[in-house]
Amino acid sequence: MSNLIPHLPALQVVIPLFAAPLCLLAGRTGLAWIIALAASSAATATAMALAYLTYHNGVISYQMGGWAPPWGIEYVVDTANAFILLLVSSIATMVLIYSPASVAKEIRPGRGHLYYCMYILCLTGLLGIAITGDAFNVFVFLEISSLSSYALIAMGGQRKALTAAFQYLVMGTIGATFFLIGVGLLYMMTGTLNMADLQTRIPGIQDSRPVLAAFAFITVGLALKAALFPMHLWLPNAYAYAPSGVSAFMAATATKVSLYVLLRFTFTIFGAKYAFGNLPLHWVLLVPAVLAMFAGSFSAIFQRDIKRMLAYSSVAQIGYITLAISLASSAGVTAALIHIFNHGLMKAALFCAMGCIFYRISSTRIDAMAGLGRQMPWTMTAIVAGGLSLLGVPLTAGFISKWYLVQAALQSNLWWLVILIALSSMLALVYVWRLVEALYFKEPSPNNAAVTEAPLSMLLPTLLLAGANIYFGIDTRVPVAMAEHAAELLMRGQIW
Amino acid sequence: MRHHRVLRIISKLLIPFIMLFALYVQFHGDFGPGGGFQAGVIMASAFILYGLIFGLENARKVAPPAVVTKLVAAGVLIYAGTGYMGLFKGANFLDYGALSKDPVAGQHLGIMIIEFGVGTTVAAAMITIFFLFAGRDR
Amino acid sequence: MLQVILDHYNYWIAILLMMIGLYTVVARGNLVKKLVGLNIFQTSVFLLYITMGKVAGGTAPILDDRFTVYSNPIPHVLILTAIVVGVATTALGLALVVRIKESYGTIEEDELNLLDGEM
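Residues numbered from 1 in each chain as written. Chains lettered and ligands numbered in written order. Predicted model: local features only at pLDDT ≥ 70, side-chain atom pairs only at ≥ 80, totals over all residues.

Novice: So what exactly am I meant to see when it comes to the overall build of chain B here?
Specialist: Helices and strands together make up the secondary structure of chain B, namely five helices and zero strands. Order of helices (α) and strands (β) in chain B, N terminus to C terminus: α-α-α-α-α. Once the C-alpha set of chain B is aligned to its principal axes, its extents read approximately 60 × 30 × 15 Å. Counting all 138 residues of chain B, 41% fall into the buried class. Counting contacts in chain B only where the partners sit at least 6 residues apart, residues at least 24 apart contribute 62% of the total. (Helix = DSSP H or I, 4+ residues; strand = E, 2+ residues; numbered from the N terminus. Buried ≥ 20, exposed ≤ 12 C-beta atoms within 10 Å, placed from the backbone. Contact = placed C-beta atoms within 7 Å.)

Novice: Just checking my understanding: could you explain the environment of A:Asn237 for this structure?
Specialist: All names here are of chain A. In this fold, asparagine 237 is placed in helix α9 (residues 234-241). Sequence spacing of asparagine 237 and alanine 164 is 73 residues, and the spatial spacing of their C-alpha atoms is 5.3 Å. The residues touching asparagine 237, leaving out its near neighbours within four places in the chain, are Lys160, Ala164 and Gln167.

Novice: How should the interface of chain C and chain A be read in this particular structure?
Specialist: You'll often see interface size given as the accessible area lost when the parts meet. Contacts between the two partners involve 25 residues from chain C and, on the opposite side, 22 residues from chain A. Those elements that provide at least two residues to the side of chain C that touches chain A are α3 (31-53), α4 (74-104) and α5 (109-116) of chain C. Top contributing element to the side of chain C that touches chain A by residue count: α4(C), with 13 residues.

Novice: Whenever I open this one, the environment of C:Leu112 confuses me. Can you help?
Specialist: For C:Leu112, the location among the structural elements is in helix α5. Here the alpha-carbon distance between C:Leu112 and C:Ile100, two residues 12 residues apart in the chain, equals 9.0 Å. In contact with C:Leu112, other than residues within four places in its own chain, are A:Thr163, C:Tyr104 and C:Thr106.

See the structure below:
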């Protein structure tokens, strides 16, 4: 086994890639699920090993096909992307464990294996984006994950899923193409696509117009992919009408990976000094981020569909992450990475819990779930834990995020930001309270008299994810240590 | 299309040559312009032409959709499997040099198999897309 | 001034196509037309990449004793990948349009919004 260790970066992506066609060949839903779960667990184990190795021994580089960079495609793992790999693969595995019952209910019979094929392909894409050290390769994996997620969203039961998927397809393609234009302009000026090589070549030509244009295109393209306000319009419908498992997986990971790429391009490739010193990226990110915090939360309050409410809340949370990035300080990047991790946990738990409710009452509308609190106590426990974490109540993961975010804002002497963060958290209190009130204090609807707790196969992963929100609110060692180390590497703009 | 004798005869004449050209593009790809993607599309166009002229039913008999779907997966498996061969031989993923004692011969062999996988997947995917769209008229 | 425009005609064509494509995506309500616009937009980027690979006086990059100057093949390789992605996007988009037509009976955006209600 020891001779596998140098190949871990390749295996991280290739194991899920190999599993996708196997799922298609399997033909049966159950078999495809086993293959997908095995691949996703293997990817999680790989990510853990990589995170451990890179945290202790430094950067790991892998040359695809034995071609040396900058000519060949290089995979590079440092603490920053190992952190993302760990988040993406472990959430994917948890949601896969959760999936069989919800797939049986929500996906048309005979298409379950296609669902798992697309799901594992999406995972391949997300892992690939995070691990690659080649700018063009990012685009390829971005499209792998996007195309499979359009297909996954379209598998949602309602017809609105189709229009949502189409809208996402148009917006996502424009975003990816913007990114492609940016990479093309960089290639035109530098003659290289390798990220480390780009980093050394850009400073000499950083004021030339193509490089400025490239920076703008890449930032806008990634912001579109990350659903940064006001480019978030595709997100609410996509998450609201996708199958439950897909909502949970994508809400927790897809936009986070785009934000990671944004971090990588601004801090490692262009350098913080260029992006925030020569160019006004601070304001370019700060203003939409603050608007997102308020517009997202405000829209969430008025949603009648809870999945849509959670999706709007995601828009607000992406605002917090972008706000932290815009501070361009070590503390800010740490806060961003911690919130990427914690928000993944919250939204995975909450969307999984919504899936449990949908499984029983075939709806996620707030008036349909009135009074369910007594009939589905464990699902409700998960919702309350996730909701508290979303608010940032002490002893939950969300509190840790807010704590680091506030500290970072104070460190940059932006005390008014702290007020804004507190105000937008109040808005979150309103929509989370609406949900809790409907579940516990409203008269139970007679239609739901026979409703019982969700099946154990869905409940256990949901509770585990909810428990993780509490656990990482108390024992913060692992995420904080990794985020701090990663932020330090990113701020130093270290050459790989 | 039963009455269009010209179309039927010409396409019957053309289809073998289209396929031959696809194979040429496929296997000449490592010496000149060509490769799996182009070859796959050309190969698929032969089947699509057949389907357009002789009807979807006949085309489905020639290329049963169940088999074509399996071929989409098979091509990717060939690609990834070749990559894994490099790992098993102790080199990096996708390092074809390790496939043979002579690295250059290994590179030739590797790119040949990889492109064959690409061609298979592309042709099968294109035929599947055609079947799916054409089969919806009802 | 005119000379500057003429010297960089390839970029102007790419920009023109880009704007036509984006405008079509935004301004047209018909979903198929939106996809066509998206395709034109992507094609403009393909063109941008391919023109940057051209070396003045260079031939196709196939090794031969008679030639010494070759065009850069890498943009072509990159764009082949992007074309494949474009094909897949278009196929998936059209498949969605077909299914939207089947379940809504229309592919006009304003009518879809009416049918969906809340948007």
